Amino acid sequence: MIIIGITGTLGAGKGTIVDYLIQQRQFLHFSVRSFLIEEAQRRNMPINRDTFVVVANSLRAAHSPSFITDELFKRALESGQNAIIESIRTPGEVDSLRQKGNFVLFAVDADPKIRYERIVSRNSETDHVSFETFIENEQREMTSDDPNKQNLSKCIAMADYTLLNNGDFEALYQQIDKIIKNIEHE
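Read on for an overview of the structure. (Residues numbered from 1 in each chain as written. Predicted model: local features only at pLDDT ≥ 70, side-chain atom pairs only at ≥ 80, totals over all residues. Heavy atoms only, no water.)

So, about the nonpolar core. With 26 residues, the main nonpolar core has Leu36, Ile68 and Ile85 as its most contacted residues. Those elements that provide at least two residues to this core are helix H2 (32-42), helix H3 (49-62), helix H4 (67-79), strand S3 (83-86), helix H5 (91-100), strand S4 (103-109) and helix H8 (152-158). At five residues, H4 tops the list of elements feeding residues into this core. In this structure isoleucine 85 touches Ile3, Ile4, Gly5, Ile6, Phe30, Thr69, Leu72, Phe73 and Leu97, once residues within four positions along its chain are discounted. The next biggest cluster of nonpolar side chains, apart from the first, holds 19 residues, and it includes Phe106, Tyr161, Leu163 and Ile179. (Core = buried A, V, L, I, M, F, W, Y, C linked by side-chain atoms within 4.5 Å. Buried < 20%, exposed > 50% of the residue type's maximum accessible area, 1.4 Å probe, protein only. Helix = DSSP H or I, 4+ residues; strand = E, 2+ residues; numbered from the N terminus. Contact = heavy atoms within 4.5 Å.)

The next thing to look at is the packing of H2 against H3. The N-to-C vectors of H2 and H3 enclose an angle of 90 degrees; their axes lie 10 Å apart at closest approach. Judged by the angle between their axes, H2 and H3 are roughly perpendicular. Contacts from Arg33, Phe35, Leu36, Ile37, Glu39 and Ala40 of H2 reach H3 at Thr51, Phe52, Val55, Ala56 and Leu59. (Axes fitted to C-alpha atoms, helices over the stretch in contact; angles between N-to-C directions. Parallel < 35°, antiparallel > 145°, perpendicular 65-115°, else oblique.)

Here we take up the sheet that holds S3. Strand order across the open sheet formed by five strands is S2-S3-S1-S4-S5, with parallel pairing between neighbours. Each edge of the open sheet carries a strand with a single partner, namely strand S2 (28-31) and strand S5 (161-164). Averaged over all pairs of adjacent strands, the angle between their axes in this sheet comes to 25 degrees, without regard to strand direction. Sheet topology note: the S2/S3 ladder contains four bridges and is parallel. Residue pairing across strands places phenylalanine 30 opposite isoleucine 85, the latter belonging to S3. Relative to the sheet, H2 contacts S2 and S3, its axis offset from that of S2 by approximately 50 degrees. (Pairing = 2+ DSSP bridges.)

Next comes the structure, spelled out in structure tokens:
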């Protein structure tokens, strides 16, 4: 059983990697975003990026920096199948998941203008923002000394594999296939 965690910048292609692994490699998907939507709905909070940050930070502060991904890891283990945990945002999550074994971290990044075009075109409820707000949101999540808050730059630096997604789908899929073959031969 392999559990892949995915981290990366906003709009870089985390969802595209997930879709590919589900469709081509039959991985199961466990989403931090879905977990946070469930929790926000339970708390009667609006569904948006600001709410997700508040809810995630409060859960981490109340339980542990890795609480959300630990809960998703439990679900993945119960499935007994190869799984993806999307989206890893704190170094504590990476450390905790690595201690559990069979865990590999992917990071994905792309040029900011390309990423912004992608989020505008996907048109989800959290993506109706200006380019300036997009960059501000990302910067807010990029670094923090607080272990309960997002630190994407540190997570990206901790990745076992980094994918650059400035090209088309096929270029990304080739990178994924190469990495999966490498993991399977370890």
